[in-house]
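# Understanding the architecture of this molecule
So the chains spell out like this:
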Amino acid sequence: MTRRVSYFYDAEVGNYHYGQGHPMKPHRVRMTHNLVVNYGLYRKMEVFRPRLVSPTALTRFHSDDYINFLRVITPDNMQDYMRQLQRFNVGEDCPVFDGLFEFCQLYTSGSIGGAARLNEDQADIVINWAGGLHHAKKAEASGFCYVNDCVLAILELLKKHEQYLNKTRNQLLEILSQVEPVPGTQIQTGQVESQLNPKGMEIDKEEEEEEAEQAGEKGDTDEEERKEHPAELAS
Ligand SMILES: [Zn+2]
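Computed from a prediction, not measured in an experiment: that's the story for all the values here. (Residues numbered from 1 in each chain as written. Predicted model: local features only at pLDDT ≥ 70, side-chain atom pairs only at ≥ 80, totals over all residues.)

## A few points about helix α1 (residues 27-38)
Counted at 1.5 Å a residue, the expected span for α1 with its 12 residues is 16 Å, and the 17 Å between its end C-alpha atoms agrees. At the exit of α1 stands Gly 40, carrying a positive phi of roughly 75 degrees. (Helix = DSSP H or I, 4+ residues; strand = E, 2+ residues; numbered from the N terminus. Expected span 1.5 Å × (residues − 1).)

## Quick word on the sheet that holds strand β1 (residues 5-8)
Across a sheet, paired strands are connected by hydrogen bonds in the backbone, their directions being either parallel or antiparallel. Taken together, 3 strands build an open sheet; the order of strands is β2-β1-β3 and the sheet is parallel. Every interior strand has two partners, whereas the edge strands, β2 (46-48) and β3 (125-127), have only one. Within this sheet the neighbouring strands show an average axis-to-axis angle of 20 degrees, counted without direction. Across 3 bridges, the pairing between β1 and β3 is parallel. Residue pairing for β3: Ser 6 is matched across the bridge by Val 126. The sheet contacts of helix α5 (residues 100-119) involve β1, β2 and β3, and relative to β1 the element is tilted by about 160 degrees. (Pairing = 2+ DSSP bridges. Axes fitted to C-alpha atoms, helices over the stretch in contact; angles between N-to-C directions. Contact = placed C-beta atoms within 7 Å.)

## A word on unusual backbone geometry
Non-glycine residue Asn 89 carries a positive phi angle of around 60 degrees. Its place among the elements puts Asn 89 in the loop between α4 (82-87) and α5. A positive phi angle is found at Asp 121, which is not glycine, with a value near 60 degrees. As for its placement among the helices and strands, Asp 121 is situated in the loop between α5 and β3.

## Quick word on the environment of Thr 32
As for its position among the elements, Thr 32 is in helix α1. The exposure class assigned to Thr 32 is partly exposed, which follows from the 15 C-beta atoms found within 10 Å. (Buried ≥ 20, exposed ≤ 12 C-beta atoms within 10 Å, placed from the backbone.)

## What about the pairing of β1?
Of the strand pairs in this sheet, β1 and β2 are connected by 3 bridges, and their pairing is parallel. Counted as the bridge partner of Tyr 7 is Val 47 from β2.

## So, the nonpolar core
Counting 38 residues, the largest nonpolar core has Leu 70, Leu 100, Cys 104, Tyr 107, Ala 141 and Tyr 146 as the members making the most contacts within it. Every element with two or more residues in this core is listed here: β1, α3 (64-72), α5, β3 and α6 (149-158). Among the elements that take part in this core, α5 stands out by supplying 9 residues, more than any other. Leave out the neighbours within four places in its chain, and Leu 70 touches Leu 100, Phe 101, Cys 104 and Tyr 146. (Core = buried A, V, L, I, M, F, W, Y, C linked by C-beta atoms within 7 Å.)

The structure is reproduced here in structure tokens:
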């Protein structure tokens with residue numbers, strides 16, 4: 001089955017800089033994108049530049065005053081916002097840097113855009129390397145994260161949650177139907193009555209032996225199935 005992949009990338013995102021010595025480096029998103037281009041992976045995907053979401057869209061999760069603060073704060077006016085910097089936990093792990101709000105808008109736009117694409121059933125898989133800043137709280141920055149694009153993308157998905165959950169369920173069922181049981185493992189549906197009761201262990205042993213026997217009998221078919229994989233990957 002060929003899966004439709006949508007890839008969201010904005011060339012600007014690699015230009016934002018958290019500051020010297022900070023471990024979070026948006027430049028890495030650009031490096032990853034260069035690999036995607038040079039390996040020709042973009043030919044397997046639909047490539048999009050995210051459409052910028054409005055600041056209001058960010059307040060579907062975040063508080064108005066926090067988003068307003070992110071919009072106005074700059075390295076030059078920080079001294080005038082000492083109280084808010086503390087209140088919103090901005091300054092150390094989550095520094096103020098040039099273009100901070102645009103950066104937040106950019107990475108969030110990719111995630112919301114990707115979610116919309118799934119909602120429209122235009123893609124099976126969406127990618128936004130720039131996103132995933134999941135530590136941000138409703139009215140507080142945290143762990144290098146300012147705007148929580150993950151929550152906002154989930155809120156977007158919830159617009160069509162029923163359709164989406166059905167699709168996910170069907171995909172899971174399809175995957176499960178292709179999975180062969182691994183000898184020696186089983187999904188436990190019953191309760192173990194007592195850890196001292198060896199009954200459960202005996203059942204496990206019998207099933208293991210049965211499975212080992214079956215595996216021995218159909219050694220040839222295993223090999224045939226393996227041969228089919230390269231063809232699957234090529235389609
Ligand atoms: Zn984080």
